[in-house]
Amino acid sequence: MIPILPPPEAIHQMNEYGRARIPFLFILDFLAQQPVVLRLDEVNAEELLYQFNGLTNTPKKGEAAQPRAQFHKSVLSFEQYSPKFDFVLHQIKRGNSFLVNLSVCTEITTDLDLMTIFNQTKAKYRLWWRDKFVCFSPEIFVQVRGNRVASFPMKGTIDADLPLAQERILADVKEAAEHATIVDLIRNDLSMVAQKVWVERYRFIDKIETNQKTLLQVSSEIAGTMPDNWRETLGDWLFKLLPAGSISGAPKPRTLEIIQEAEGYERGYYTGVAGVFDGENLDSGVLIRFIEKINDRLVFKSGGGLTARSEAQSEYREVIDKVYLPLAHEFTPMY
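Note that residues are indexed from 1 along each chain, following the sequence as it is written. Local features are withheld for residues below a pLDDT of 70 in this predicted model, meaning they are given only at 70 or higher, and side-chain atom pairs are given and counted only at 80 or more; totals for whole chains, interfaces and linings count all residues. Here the side-chain values reflect all heavy atoms present in the structure, with hydrogen atoms and water set aside.

Visitor: So, the overall build of the protein: which residues are in play, and what are the values?
Guide: A helix here means a DSSP run of H or I that spans at least four residues, while a strand means a run of E at least two residues long, and both kinds are numbered starting from the N terminus. Each helix and strand counted, the protein has eight helices and 19 strands in total. Dimensions of the protein, computed from the C-alpha atoms along their principal axes, are close to 50 × 50 × 35 Å. For the exposure calls, accessible area comes from a 1.4 Å probe over protein chains only, and a residue counts as buried if that area is under 20% of its type's maximum, exposed if over 50%, partly exposed in between. In the protein, buried positions account for 56% of the 335 residues. Here, two residues are considered to be in contact whenever any of their heavy atoms come within 4.5 Å of each other. Excluding contacts between residues fewer than 6 apart, the proportion of contacts in the protein whose partners are at least 24 apart in sequence is 73%. Here Asp and Glu are counted as negative and Lys and Arg as positive; His is not counted, and neither are the chain ends. For this purpose, a charge sits on NZ of Lys, CZ of Arg, CG of Asp or CD of Glu. Across the protein, the centroid of the 38 positively charged side chains sits 3 Å from that of the 44 negatively charged ones.

What follows is the structure in structure tokens.
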């Protein structure tokens with residue numbers, strides 16, 4: 001059984017482990033109400049598997065031929081998505097938010113179990129929680145190496161096979177405005193915990209291979225300088241940054257209320273944060289690209305950022321495009 005701590009206790013435990021330079025794993029849900037904090041030497045591989053940028057508790061295995069996998073998504077109809085979109089856009093136009101990340105649930109069917117999905121996918125951050133969920137996220141939350149902290153928000157997705165895809169996504173006025181908003185939000189967030197903050201790189205392109213298509217995603221790098229005692233206060237400052245700006249919006253407090261009303265479901269650990277403190281440095285990712293087991297059904301949770309310039313059909317396509325498996329072998333869609 002994986003222990004879930006009250007938030008104050010989790011913050012205290014993270015501070016203590018940081019002060020003692022004890023390596024630990026943390027898993028924080030979207031609302032930071034059900035945190036998990038485990039020493040790395042206490043992580044039970046029968047309950048939790050993680051792989052964060054090469055740091056993992058999974059045994060090394062030789063490459064083996066994998067069977068063809070099947071995958072089907074019961075796509076939310078546009079008629080079901082549209083009222084959610086309209087509600088959020090109304091709130092934005094009333095001035096209650098500048099940017100809202102709206103997510104939806106898509107029921108999926110596959111012949112792969114959650115552990116097999118963990119083992120056969122490729123992503124910067126992979127996490128498996130027995131009988132609960134699997135996540136294969138491409139998005140960094142924060143990394144701290146030495147005293148340098150950096151965050152890498154992703155905002156903007158396009159099908160790489162479209163003509164001039166990179167030029168189109170970078171020239172898109174709505175996407176540019178959304179990205180600028182989130183970079184400003186992350187810069188402000190880091191300013192609460194870092195002594196100096198700057199934008200290191202602005203709107204660079206990452207390529208993501210999926211079972212369906214290749215996607216281009218737009219990211220930026222915001223960096224800062226942490227105080228010398230950041231390890232001793234690790235829990236305090238990390239919780240200050242929650243929830244991640246890229247999957248909530250701005251301003252955060254009112255936007256969170258809009259999200260809960262529009263979505264009509266509990267995100268749980270989806271869009272939360274997970275990472276590892278290795279005794280010296282910290283690496284963490286945002287829990288997106290997320291499949292949850294709910295009453296013996298598999299639900300894929302995905303979302304996208306909405307601004308006043310958003311267009312419903314385009315946002316709907318982006319949400320559906322994000323329902324994928326980044327598998328390393330052959331794949332058979334189910335129709």
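The discussion continues.
Visitor: How would you explain the state of the cysteines if you had to name every residue and give the values?
Guide: The rule for a disulfide is simple: a pair of cysteine sulfur atoms within 2.5 Å. All told, the structure shown has zero disulfides when counted by the stated rule. Looking at the unpaired cysteine 105, the closest cysteine sulfur is the one in cysteine 135, lying at 14 Å. On the basis of relative accessible area, cysteine 105 is assigned to the partly exposed category, the value being 29%. We classify cysteine 135 as buried; its relative accessible area is 1%.

Visitor: Go over the environment of leucine 256 with me, naming the residues and quoting the values.
Guide: Counting through the fold element by element, leucine 256 comes out in helix H7 (residues 252-263). As for leucine 256 and isoleucine 186, which are separated by 70 residues in sequence, their C-alpha atoms are 16 Å apart.

Visitor: I'd like to hear about the environment of threonine 106, residue by residue, with values.
Guide: Looking at where threonine 106 falls in the secondary structure, it is placed in strand E6 (residues 99-110). Separated by 61 residues in sequence, threonine 106 and glutamate 167 have C-alpha atoms that sit 30 Å apart. If sequence neighbours within four positions are ignored, threonine 106 has contacts with Lys73, Ser74, Val75, Leu298, Val299, Phe300 and Val323.

Visitor: An account of helix H5 (residues 173-191) is needed here, citing residue identities and associated values.
Guide: Here a helix's expected span is defined as the number of its residues, less one, multiplied by 1.5 Å. Given a rise of 1.5 Å per residue, 19 residues ought to cover 27 Å, and the 27 Å separating the end C-alpha atoms of H5 matches this to within 8%. Those residues of H5 that sit buried are Lys174, Glu175, Glu178, His179, Ile182, Val183, Leu185, Ile186, Asp189 and Leu190. Angular distribution of buried residues about the axis of H5 spans 165 degrees; they occupy a single face of the element. Here the arc refers to the set of directions running from the helix axis out to each C-beta atom.

Visitor: An account of the environment of asparagine 53 is needed here, citing residue identities and associated values.
Guide: Along the chain, the position of asparagine 53 falls in the loop between strand E3 (48-52) and strand E4 (55-56). In sequence terms asparagine 53 and alanine 244 are 191 residues apart; their C-alpha atoms lie 19 Å from each other. Aside from chain neighbours lying at most four places away, what touches asparagine 53 is Lys124, Tyr125, Gln143 and Asp283.

Visitor: How would you explain helix H2 (residues 78-93) if you had to name every residue and give the values?
Guide: If you check H2, its first and last C-alpha atoms are 21 Å apart, about what 16 residues at 1.5 Å a residue would give, namely 22 Å. Along H2, the residues classified as buried are Tyr81, Ser82, Phe85, Val88, Leu89, Gln91 and Ile92. Those residues of H2 that are buried lie in contact with E6, H7, strand E18 (297-306) and helix H8 (312-321). Glycine 95 occupies a position one or two residues after H2 and carries a positive phi of about 85 degrees.

Visitor: Can you explain the nonpolar core? Please cite residues and give values.
Guide: For soluble globular proteins, the rule of thumb is that nonpolar side chains tend to be buried together. Counting residues in hydrophobic clusters, the biggest one holds 84 residues, and the most contacted among them are Ile27 and Trp237. When near neighbours in sequence (up to four residues on either side) are disregarded, tryptophan 237 contacts Val142, Val144, Val193, Met226 and Trp230. Only buried Ala, Val, Leu, Ile, Met, Phe, Trp, Tyr and Cys residues count toward a nonpolar core, and they belong to the same one when joined by side-chain atoms within 4.5 Å. Judged by nonpolar contacts, the second largest core, of 17 residues, contains Leu112, Phe136, Leu298 and Leu327.

Visitor: I'd love a proper account of the layout of surface pockets, names of residues and values included.
Guide: The pocket and cavity definitions rest on a 1 Å grid over protein atoms only: a 1.4 Å probe that fits but cannot leave marks a cavity, an open set with protein on both sides within 12 Å along at least five of seven lines marks a pocket, and residues lining either have an atom within 4 Å of a point. Grid points are joined across faces, edges and corners, and a volume is the space filled by probe spheres set on the points. When its volume is computed, the second largest pocket comes out at roughly 440 Å³. Taken together, 19 residues make up the lining of the second largest pocket; nearest its centre are Thr157, Ile158, Leu162, Ser314 and Arg317. The dominant element in the lining of the second largest pocket, judged by the number of residues it contributes, is H8, at six residues. Classification used: nonpolar for Ala, Val, Leu, Ile, Met, Phe, Trp, Tyr, Cys and Pro, charged for Asp, Glu, Lys and Arg, polar for all others including Gly. Taken together, the residues that form the lining of the second largest pocket break down as four nonpolar, three polar and twelve charged.

Visitor: Tell me about the pattern of salt bridges, and name the residues and values.
Guide: Basic side-chain nitrogens of Lys or Arg form a salt bridge, by our definition, when they fall within 4 Å of a carboxyl oxygen of Asp or Glu. Considering all chains together, one arrives at 20 salt bridges under this definition. Across the pair glutamate 318 and lysine 322 runs a salt bridge, and its minimum N-O distance is 2.9 Å. Note on accessibility: glutamate 318 and lysine 322 belong to one class, buried. Salt bridges here are not isolated pairs; linked through shared partners, they connect Arg21, Arg231, Glu232 and Glu280.

Visitor: Now, about the confidence of the model for the protein: what can you tell me, with residues and values included?
Guide: Do not read the predicted coordinates in detail wherever pLDDT is low. Think of pLDDT as the predictor's per-residue confidence, scored from 0 to 100. For the protein, per-residue confidence averages 91 on the pLDDT scale, and 94% of positions sit at 70 or higher. Confidence drops under pLDDT 50 across residues 329-335; counting only partners more than four residues distant or on other chains, this segment forms 22 contacts.

Visitor: Just give me the short version of the packing of aromatic side chains, but keep the residues and values in it.
Guide: Two measures describe an aromatic ring pair: the distance that separates the ring centres and the angle between the ring planes. Centres within 6.5 Å are what make two rings of Phe, Tyr or Trp a pair, Trp counting through its six-membered ring; a difference in plane orientation under 30 degrees is then read as stacked, over 60 as edge-to-face, and the rest as tilted. Across all of its chains, the model carries 17 aromatic pairs by this definition. Measuring from centroid to centroid gives 5.6 Å for tyrosine 17 and phenylalanine 24, while their planes differ by 40 degrees, and the two rings are tilted. Among the residues examined, phenylalanine 24 registers a relative accessible area of 0% and is labelled buried. Here a set of aromatic residues connected by ring pairs shows up, and it is made of Tyr17, Phe24, Phe26, Trp230, Trp237 and Phe277. Counting as a charge over the ring demands two things of the Lys NZ or Arg CZ atom: a distance within 6 Å of the ring centre and an angle within 35 degrees of the ring normal. A cation sits over an aromatic face here: arginine 126 above phenylalanine 118, 4.6 Å from the ring centre. The ring centre of tryptophan 198 lies 5.5 Å from the NZ or CZ of lysine 196, which sits over that ring.

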